[in-house]
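Coordinate inspection notes
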Amino acid sequence: MPRVSEEHLERRRQQILDAARKCFASKGFHETSMQDVFAESGLSAGAVYRYFKSKDELIAALATQTTVSLRVAMDQAIRRDPLPTPAELITAIAEEVVRRSGPDGPVRLAPQAWALALVNPEAGAMVRETMFAMRAMWVIYVQRMCEQGWLPADADVDAVAKAIIGFLPGFILQHLILGDLDPETLARGVRTLLPYGETAGESG
């Protein structure tokens, strides 16, 4: 019997995650059963449980996967020259959030994963890992802000990064729940609060 290829295993794993994402986005985490996931994926219970033992594992895996595109967008932005202003950077990430927050979009699962992380140790570990990774990228950005002279050379880089990262969860919650916040509005607010580099950016 030929061994099952890694590519096949990954396709099957992604098939299950796609099905779970659709179920969670439409019915919510608590109202979705594993039977719903079996039906949506078209796979047997045994096939699904081979990859994920519970709904908790599914939501944690989806939350981790969701941050990948956001981290890629941010990584590309913070390494650009000239350095994007805070408003430009946050807008770029907010636009990626919007692209991935449709009716069955993965960003819709983020608040559910955050809530689960408060009560489930395994989910909490995965969510914390992704949050630390995002915050580390903000630290790199703030360091570049200092190099640009936008912030004092002795600025508390860690404190600034922890403060700025708070814009994005707030944007996600307002965009998903209130529905009246878009990236352009967020940018105007950030530009007013953090005008660093705006004059140089406009003149360039």
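I will try to describe carefully the structure that is included in this document. Predicted model only: the values in this text are computed from it and were never measured.

Met-74, Leu-89, Ile-90, Ile-93, Trp-138, Tyr-141 and Leu-186 are the most contacted members of the largest nonpolar core, which has 32 residues in total. If you tally residues by element for this core, the top one is helix α7 (residues 121–148), at seven residues. Counting 24 residues, the second largest nonpolar core, distinct from the first, contains Ile-16, Leu-17, Val-48 and Ala-117.

To continue, consider the pattern of salt bridges. Going through the model one piece at a time under the given rule, you end up with eight salt bridges. We note a salt bridge from Arg-11 to Glu-7, for which the minimum N-O separation is 3.2 Å. Within this pair, Arg-11 and its partner Glu-7 are both found in helix α1 (residues 6–27), separated by four residues, close to a single helical turn. According to the relative accessible area criterion, Glu-7 is exposed, its value standing at 56%.

This part takes up a nonpolar patch on the surface. Together, Leu-173, Ile-177 and Leu-178 give the surface a local cluster of nonpolar side chains, amounting to about 310 Å² of exposed area. Relative to the assigned elements, Ile-177 resides in helix α9 (residues 167–178). Note on Ile-177: relative accessible area 64%, which makes it exposed.

Let's shift gears to the packing of α7 against helix α8 (residues 157–164). The contact between α7 and α8 brings their axes to 8 Å, and the two run at 120°. Between α7 and α8, the angle is such that the two are oblique. Of the two elements, α7 crosses α8, and the hand of that crossing is right-handed. In this structure, α7 uses Arg-135, Trp-138, Val-139, Val-142, Gln-143 and Cys-146 to contact α8, whose residues at the interface are Val-157, Asp-158, Val-160, Ala-161, Lys-162 and Ile-164.

This part takes up the packing of helix α5 (residues 86–99) against helix α10 (residues 183–193). When two helices pack together, you describe them by how their axes are tilted relative to each other and by the distance separating the axes. With their axes 9 Å apart at the nearest point, α5 and α10 run at an angle of 155° to one another. The angle between the axes of α5 and α10 places the two elements in the roughly antiparallel class. For the element pair α5 and α10, the recorded crossing hand is right-handed. Every residue of α10 that contacts α5 at Pro-86, Ala-87, Ile-90, Thr-91, Ala-94, Glu-95 and Val-98 is listed here: Pro-183, Glu-184, Leu-186, Ala-187, Val-190 and Arg-191. Its residues assigned to classes, the contact of α5 with α10 shows nine nonpolar, one polar and three charged.

Inspection of the secondary structure assignment puts Glu-198 in helix α11 (residues 198–203). Looking at Glu-198, the relative accessible area reads 9%, which means it is buried. When sequence neighbours within four positions are dropped, the list of residues in contact with Glu-198 reads Thr-85, Ala-87 and Arg-191.

Moving on, we get to the packing of aromatic side chains. Counting across every chain of the model gives three aromatic pairs. Ring centres of Phe-24 and Phe-29 lie 5.5 Å apart, and the angle between their planes is 55°; this geometry places the pair in the tilted category. Like Phe-29, Phe-24 is buried. Each ring, one from Phe-38 and one from Tyr-49, has its centre 5.5 Å from the other, and the planes form 80°; the classification is edge-to-face. A residue pair is termed long-range when its members are at least 10 positions apart, and Phe-38 in helix α2 (residues 34–41) and Tyr-49 in helix α3 (residues 45–49) qualify at 11 residues. Of the residues examined, Tyr-49 reaches a relative accessible area of 36% and is grouped as partly exposed. Over the aromatic face of Phe-29 sits the side chain of Lys-55, whose NZ or CZ is 4.6 Å from the ring centroid.

Turning next to α8. Each α-helix winds once per 3.6 residues, and so residues spaced three or four apart point in a common direction. Those residues of α8 that fall on the buried side of the exposure criterion are Val-157, Ala-161 and Ile-164. Buried positions in α8, seen along its axis, are confined to an arc of 70° and lie on one side of it. Elements that come into contact with the buried residues of α8 comprise α5, α7 and α9.

Procedures and definitions
- Residues numbered from 1 in each chain as written.
- Predicted model: local features only at pLDDT ≥ 70, side-chain atom pairs only at ≥ 80, totals over all residues.
- Heavy atoms only, no water.
- Core = buried A, V, L, I, M, F, W, Y, C linked by side-chain atoms within 4.5 Å.
- Buried < 20%, exposed > 50% of the residue type's maximum accessible area, 1.4 Å probe, protein only.
- Helix = DSSP H or I, 4+ residues; strand = E, 2+ residues; numbered from the N terminus.
- Salt bridge = Lys/Arg side-chain N within 4 Å of Asp/Glu carboxyl O.
- Patch = residues over 30% accessible without salt bridge, like charges linked within 9 Å, V, L, I, M, F, W, Y side chains within 5 Å.
- Areas by Shrake-Rupley, 256 points an atom, 1.4 Å probe, with all protein chains shown as cover.
- Axes fitted to C-alpha atoms, helices over the stretch in contact; angles between N-to-C directions.
- Parallel < 35°, antiparallel > 145°, perpendicular 65-115°, else oblique.
- Left-handed = near helix turned anticlockwise from the far one by under 90°.
- Contact = heavy atoms within 4.5 Å.
- Nonpolar A, V, L, I, M, F, W, Y, C, P; charged D, E, K, R; others polar.
- Phe/Tyr/Trp six-rings, centres within 6.5 Å; stacked < 30°, edge-to-face > 60°.
- Lys NZ or Arg CZ within 6 Å of the ring centre and 35° of its normal.
- Arc of directions from axis to C-beta.

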